[in-house]
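What the coordinates show
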Amino acid sequence: MSTHVQKPGWFTVNVFNRAVAWMTRRGISVWGSRVLAVRGRKSGEWRTTPVNLLTVDGQQYLLAPRGHVQWTHNMRAAGGGELRLGKNVDVFTATEVADDDKAPLLRAYLKRWKAEVGVFFNGVGPDSPAAELRRIAPDHPVFRITVRS
């Protein structure tokens, strides 16, 4: 498994993520944003972070553009969490997508959010060949989300 991580800078942590999370907590989705809540794998406490919820062919996915970050480790341990938008809370289970199945999801994610996150994909974009998307797949965890009824 890849250990690829791109840590966010000061502006992202202290301004951008906080602004997106603030709006999302108030029910304003910014291009599909949600607040992801997942239990910490060591503490058991809820951890939150803003994420982009991707929908492809009726299925929902969370993709980690910065790589194997804390929420991805917590998601593997917890097997699910909550997606929050305003007062709406969707409890879900998560299944990690195999590297061989990620290329179309990476392409869809980059088509939608390249302006926001393209820098984290090392020059690979939505129009890159499938081989390039497969090459970077191990660096970007993807989880299929199943909302519980």
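Residues numbered from 1 in each chain as written. Predicted model: local features only at pLDDT ≥ 70, side-chain atom pairs only at ≥ 80, totals over all residues. Heavy atoms only, no water.

This part is about the pattern of salt bridges. For the coordinates displayed, the defined rule picks out 4 salt bridges. A salt bridge links Arg76 to Glu96, with the nearest nitrogen and oxygen atoms 2.8 Å apart. Of the two residues, Arg76 is situated in helix α2 (residues 70–78) and Glu96 in strand β5 (residues 88–96); the sequence distance between them amounts to 20 residues. Residue Arg135 is joined to Glu132 by a salt bridge in which the shortest nitrogen-to-oxygen separation is 2.9 Å. Here Arg135 pairs with Glu132, and both are found in helix α4 (residues 130–136), just 3 residues apart, close to one helical turn. You can call Arg135 partly exposed: its relative accessible area is 47%. Its relative accessible area of 30% is what places Glu132 among the partly exposed residues. (Salt bridge = Lys/Arg side-chain N within 4 Å of Asp/Glu carboxyl O. Helix = DSSP H or I, 4+ residues; strand = E, 2+ residues; numbered from the N terminus. Buried < 20%, exposed > 50% of the residue type's maximum accessible area, 1.4 Å probe, protein only.)

Let's shift gears to the pairing of strand β1 (residues 33–39). Taking burial as the measure, the 7 residues of β1 include 6 buried ones, the bulk of the element. In sequence, β1 turns back onto strand β2 (residues 46–56) through a hairpin of 6 residues, with Gly44 there showing a positive phi of about 75°. Relative to strand β4 (residues 80–85), β1 runs antiparallel, the two sharing 3 bridges. Bridge pairing links Ala37 to Glu82 in β4. (Pairing = 2+ DSSP bridges.)

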